[in-house]
Amino acid sequence: ADLNGADLRGADLRSADLRSADLCGANLHGANLNGADLNGADLRGADLRSADLTGADLRWADLNGADLRGADLRGADLRSADLRWADLSRADLRWADLSGADLRGADLSSADLSGANLHGALPQSAENTTHADSCWSWGPRHYECALREIARQREVIETWRAAHIEATGADQ
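(A) Expanded view of the overall build of the protein. Scanning the protein for helices and strands turns up one helix and zero strands. Sequence-distant contacts in the protein: of pairs separated by 6 or more residues, those separated by 24 or more amount to 7%. Here the protein has roughly 8800 Å² of accessible surface; of this, 48% comes from carbon and sulfur atoms.

(B) Inspection of the environment of D102 at higher detail. The residue D102 is located in the segment before α1 (139-168) in this model. On the basis of relative accessible area, D102 is assigned to the buried category, the value being 14%. Note: C-alpha distance between D102 and R84 (18 residues apart in sequence) is 6.0 Å. The contact partners of D102, leaving out residues within four places of it in the chain, are A81, D82, L83, R84 and L122.

(C) View of the pattern of salt bridges. Counted under the stated rule, the structure contains 22 salt bridges. Of the charged contacts, one joins R59 and D77 as a salt bridge, the two residues approaching to 3.7 Å between their closest N and O atoms. Of this pair, R59 sits in the segment before α1 while D77 sits in the segment before α1; the two residues are 18 residues apart in sequence, bridging distant segments of the chain. Look at R59 and you get partly exposed, because its relative accessible area is 27%. Measuring nitrogen to oxygen at the nearest pair gives 2.5 Å for the salt bridge that ties D92 to R94. Taking the relative accessible area as the measure of exposure, D92 reaches 15% and is therefore buried. Each of D47, R49, D67, R69 and D87 takes part in a single network of salt bridges with overlapping partners.

The rules we used
Along each chain, residue indices are assigned from 1 in the same order as the chain's sequence is written. Local features are withheld for residues below a pLDDT of 70 in this predicted model, meaning they are given only at 70 or higher, and side-chain atom pairs are given and counted only at 80 or more; totals for whole chains, interfaces and linings count all residues. The side-chain numbers reported here are obtained from all heavy atoms of the structure, hydrogens and water having been left aside. Here a helix means four or more residues in a row that DSSP labels H or I, a strand means two or more in a row labelled E, and each is numbered from the N terminus. By definition in these notes, contact holds between two residues if any of their heavy atoms fall within 4.5 Å. Note on areas: Shrake-Rupley, 1.4 Å probe, and residue coverage restricted to the protein chains presented here. Relative accessibility thresholds used throughout: buried, under 20% of the residue-type maximum; exposed, over 50%; partly exposed, between the two (1.4 Å probe, protein chains only). Counted as salt bridges are all cases of a side-chain nitrogen of Lys or Arg within 4 Å of a carboxyl oxygen of Asp or Glu.

The following block contains the structure:
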């Protein structure tokens, strides 16, 4: 299905078959995609804020740069999904399967990863530098930016550590 740039705000797409659909740049803000099959779908840059993706199949989906702030992804299958630069802040990822997912550059601040499977997932900081892309390359502002980035990375590491402990019961 070619739904590139479609306005599907608040749409009821429960259990919809959207395998390999082109939803690049689509507006799915608040849409109900509970149990939807989005395996291999192109959701680059899509607006999925506050969307219900509970139990959705997002294996191999391209969510590069997607806005998933506050989305409900409980129990979603995100194996091998491309989540580079996606905004997952405040997303509910409890019991989601993120094994093999690419999270480089993703924002997971305040996301709930309790019970999530992160085995083989590429952490968002895998290729990040100590400062943001828009950072000044030198001087006091560069230093301030680097300190903010270090604080952000500490929060990310603690989130991953807590999810690991929750999933495995191990504190390593």
